[in-house]
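# Fold and contact review
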Amino acid sequence: MQNNIVLITDNKEIAENIQKKIVLLRDSDKFETIPLKNCFEEVKKQKANLIIYHLTENEEEAENFLSFLQKLKQTKELFCSSVLLLYDELDENVLCAAFEKGLTDFVSTKSSDSELTIRTIWCLQKREKLYETESKKDILSQLKIIDKNNHVYTENYTYTVLKEESKKNWGTFVVVAPDINIRSKISPIDLMNIIKKNVRTCDILGYASDFKIYLWFRETKKEDVSKILEKIKLSLTVDFTICAGYIETKNIAFDKAEEYANNALSKALLKGDTFIYAKEPKTNEINLEDNIQNFKLHKENFIKKLGNILSPLFYQTQKRIEEKLFETTINQNVTEEKSLFSLENELGKSLFTVTYPGFAKINIEIIHDVKEMELKAEKLYIDTKELSEEKIEYLLDCFIKDFQNYTNC
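This text gives an overview of the structure that appears in the document. On a predicted model such as this, the values are computed, not experimentally measured, just so you know. (Residues numbered from 1 in each chain as written. Predicted model: local features only at pLDDT ≥ 70, side-chain atom pairs only at ≥ 80, totals over all residues. Heavy atoms only, no water.)

## Quick notes on the overall build of the protein chain
The helix and strand tally for the protein chain stands at 11 helices and 15 strands. Principal-axis analysis of the C-alpha atoms places the extent of the protein chain at approximately 95 × 60 × 40 Å. Residues classed as buried in the protein chain amount to 45% of the 409 residues present. For the protein chain, long-range pairs separated by at least 24 residues make up 63% of all intrachain contacts whose partners lie at least 6 apart in sequence. Of the charged side chains in the protein chain, 59 are positive and 68 negative, and the gap between their average positions amounts to 3 Å. (Helix = DSSP H or I, 4+ residues; strand = E, 2+ residues; numbered from the N terminus. Buried < 20%, exposed > 50% of the residue type's maximum accessible area, 1.4 Å probe, protein only. Contact = heavy atoms within 4.5 Å. Lys, Arg positive; Asp, Glu negative; His and termini not counted. Charge placed at Lys NZ, Arg CZ, Asp CG, Glu CD.)

## Focus on helix 8 (residues 222-235)
Its 14 residues place the ends of helix 8 20 Å apart at the C-alpha level, agreeing with the 20 Å of an ideal helix rising 1.5 Å per residue. Of the positions making up helix 8, those classed as buried are Val225, Ile228, Leu229 and Ile232. The buried residues of helix 8 occupy one face: seen down the axis, they fall within an arc of 100°. In helix 8, the exposed positions that point more than 90 degrees away from the buried face belong to Lys227 and Leu234. The secondary structure elements touched by the buried residues of helix 8 are strand 6 (171-178), helix 7 (188-197), strand 8 (213-218), strand 9 (242-248) and strand 10 (275-277). (Expected span 1.5 Å × (residues − 1). Arc of directions from axis to C-beta.)

## So, the sheet that holds strand 7 (residues 204-207)
The five strands are arranged 7-8-6-9-10 in an open sheet whose pairing can be described as mixed. Edge strands, defined here as strands with exactly one partner in the open sheet, are strand 7 and strand 10. Taken pair by pair, the neighbouring strands of this sheet meet at an average axis angle of 15°, ignoring direction. As paired strands, strand 7 and strand 8 are joined by four bridges and run antiparallel to one another. For tyrosine 207, the partnering residue across the bridge sits in strand 8 and is isoleucine 213. Sheet strands touched by helix 7: strand 6, strand 7, strand 8 and strand 9. Its angle to strand 7, the strand with the most contacts, is close to 175°. Sheet contacts for helix 8: strand 6, strand 8, strand 9 and strand 10; angle to strand 9, the most-contacted strand, approximately 165°. (Pairing = 2+ DSSP bridges. Axes fitted to C-alpha atoms, helices over the stretch in contact; angles between N-to-C directions.)

## Here we look at the packing of aromatic side chains
For the coordinates displayed, the defined rule picks out 12 aromatic pairs. Their ring planes at 65° and their centres at 5.3 Å tell us that tyrosine 246 and tyrosine 277 sit as a pair that is edge-to-face. You can see tyrosine 246 sitting in strand 9 and its partner tyrosine 277 sitting in strand 10, a full 31 residues away along the chain. Chaining the aromatic ring pairs together yields one cluster made of Phe40, Tyr53, Phe65 and Phe68. One Lys or Arg, lysine 222, reaches over the ring of tyrosine 277 and ends 5.3 Å from the middle of that ring. (Phe/Tyr/Trp six-rings, centres within 6.5 Å; stacked < 30°, edge-to-face > 60°. Lys NZ or Arg CZ within 6 Å of the ring centre and 35° of its normal.)

## Considerations on the sheet that holds strand 11 (residues 329-334)
The strand order across the open sheet formed by five strands is 11-12-13-14-15, and the pairing between neighbours is antiparallel. The two strands at the open ends of the sheet, each matched to only one other strand, are strand 11 and strand 15 (378-383). Neighbour-to-neighbour, the strand axes of this sheet turn through a mean angle of 10°, independent of strand direction. Across eight bridges, strand 12 (residues 338-345) lies against strand 13 (residues 348-355) in antiparallel orientation. Of the residues in strand 13, the one forming a bridge with leucine 340 is threonine 353. Where helix 11 (residues 389-407) meets the sheet, it contacts strand 12, strand 13, strand 14 (361-370) and strand 15, and its direction lies at approximately 10° from that of strand 14.

## With respect to the packing of helix 3 (residues 59-73) against helix 4 (residues 92-100)
Contact geometry for helix 3 and helix 4: axes closest at 9 Å, N-to-C directions at 10°. Considered as vectors, helix 3 and helix 4 are oriented roughly parallel to each other. Contacts between helix 3 and helix 4 involve Ala62, Phe65, Leu66 and Leu69 from the first element and Val94, Ala97 and Ala98 from the second. Class assignment of the residues belonging to the contact of helix 3 with helix 4 gives a composition of seven nonpolar, no polar and no charged. (Parallel < 35°, antiparallel > 145°, perpendicular 65-115°, else oblique. Nonpolar A, V, L, I, M, F, W, Y, C, P; charged D, E, K, R; others polar.)

## Quick word on the environment of glutamate 13
Here glutamate 13 shows up in helix 1 (residues 12-21). Residue glutamate 13 is classed as exposed on the basis of its relative accessible area of 56%. C-alpha separation for the pair glutamate 13 and glutamate 248, spaced 235 residues apart in sequence, amounts to 58 Å.

## Things to note about a negative patch on the surface
Residues Glu57, Glu59, Glu60, Glu63, Asp91 and Glu92 make up a contiguous surface patch of negative charge. Among the elements that take part in the negative patch, helix 3 stands out by supplying three residues, more than any other. Judged by its relative accessible area of 62%, glutamate 59 is exposed. (Patch = residues over 30% accessible without salt bridge, like charges linked within 9 Å, V, L, I, M, F, W, Y side chains within 5 Å. Areas by Shrake-Rupley, 256 points an atom, 1.4 Å probe, with all protein chains shown as cover. Salt bridge = Lys/Arg side-chain N within 4 Å of Asp/Glu carboxyl O.)

## Examining the pattern of salt bridges
For side chains of opposite charge, pairing can occur when their charged atoms come near one another. Applying the stated criterion to the full structure yields 15 salt bridges. Across the pair lysine 163 and glutamate 390 runs a salt bridge whose closest N-O atoms are separated by 2.8 Å. Separated by 227 residues along the polypeptide, lysine 163 in helix 6 (residues 155-168) and glutamate 390 in helix 11 bring together distant segments of the chain. There is no split in this pair, since lysine 163 and glutamate 390 are both buried. With a shortest N-O distance of 2.6 Å, arginine 200 and aspartate 203 are connected by a salt bridge. Residue class for aspartate 203 comes out buried when judged on its relative accessible area of 8%. Because the salt bridges share partners, they merge into one network encompassing Asp105, Glu115 and Arg119.

## Brief notes about the nonpolar core
If you look at the biggest cluster of nonpolar residues, it comprises 29 residues, and the most contacted ones within it are Phe341, Leu343, Phe352, Ile362 and Ile364. Of all the secondary-structure elements, those providing two or more residues to this core are helix 10 (295-321), strand 12, strand 13, strand 14, strand 15 and helix 11. Among the elements that line this core, the one with the most residues is helix 10, at eight residues. If we skip the residues at most four places from it in the chain, phenylalanine 352 touches Phe314, Ser339, Leu340, Phe341, Ile364, Glu365, Ile366, Leu395, Leu396 and Phe399. Counting residues in hydrophobic clusters, the runner-up holds 24 residues, among them Tyr53, Leu55, Phe65 and Leu66. (Core = buried A, V, L, I, M, F, W, Y, C linked by side-chain atoms within 4.5 Å.)

Okay, structure coming up:
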């Protein structure tokens with residue numbers, strides 16, 4: 001594949017030195033030097049993969065450079081092109097502004113041959129990765145999995161993607177919506193664009209129904225998410241206000257997290273311009289709805305239901321992870337009194353135990369007995385009304401990941 005490399009400079013000496021330094025060039029690569037005047041139009045003709053822009057200390061030239069970057073990222077055929085800033089003296093303010101507009105890397109005119117070569121290779125590699133990413137986005141957009149305007153998940157796929165992501169790791173789930181009285185003044189697309197500018201590229205965003213936007217912040221505490229929401233709020237004009245409901249998903253199935261966050265959002269919308277953290281509702285230890293005389297029958301039926309969930313789940317989980325956990329003994333057993341899933345290798349043993357002492361809640365105890373590590377046992381309680389295979393599967397997956405981390409397997 002041919003790499004089209006363009007150097008933008010009015011300095012002939014710099015042009016000659018840079019061309020000599022870039023020793024990675026092959027016969028198939030193309031290198032060309034162009035002057036600063038009308039450089040954007042020339043770069044557009046060349047369809048450059050890498051643009052090396054020589055910037056002097058001239059203030060007007062710095063403004064032209066930032067304008068050049070902005071035009072570049074707004075041009076479809078040049079969006080993936082890498083830009084390497086070649087500077088005489090470093091201006092940190094210009095550098096920060098340039099990175100916000102899409103600068104790839106920077107290097108001094110006094111740099112060694114090796115440094116310039118490495119940074120050039122890095123820029124070309126980054127261009128290829130960006131090109132590949134954009135190609136995949138185009139395919140997902142055509143399939144209507146992501147939105148064509150801002151490349152976030154569409155309403156039909158947001159729930160599915162976030163539910164699968166929640167199985168992999170914990171995070172904080174957020175539901176954002178504009179206040180009811182300003183919904184005619186701001187479109188979901190405009191709000192999404194503002195949100196995207198204030199979150200990380202690794203955060204997951206998607207549209208939901210009723211002007212709602214779903215966000216997923218992987219392994220991010222609620223306190224940090226609260227700061228991000230305030231940052232988004234400050235990015236809005238005074239005419240626009242938003243509300244949000246959010247919740248950490250530790251030990252909570254995604255369906256429940258979605259329910260709690262949406263309930264919190266509803267309360268926030270009643271107040272307006274408010275963010276509310278959703279707390280998991282507390283349940284009573286004793287459920288007196290059933291007559292004591294029916295307790296035995298209820299317990300038998302529930303144990304049967306619990307066994308129908310745990311038996312296939314434990315078996316399928318064991319088969320799924322056997323090939324991944326090398327030199328690890330996996331045992332699982334389901335009885336009326338106690339159900340157990342255990343992992344053991346030379347570094348330690350971990351137990352995932354499920355018991356049902358009453359009929360209001362089931363108990364889950366997680367113990368990691370690992371050599372040279374002091375780990376406390378963890379006890380969890382699940383209300384019988386909220387029992388689901390999904391919730392147990394989530395906790396079991398977290399247990400397995402912890403075992404892998406503790407024993408490095």
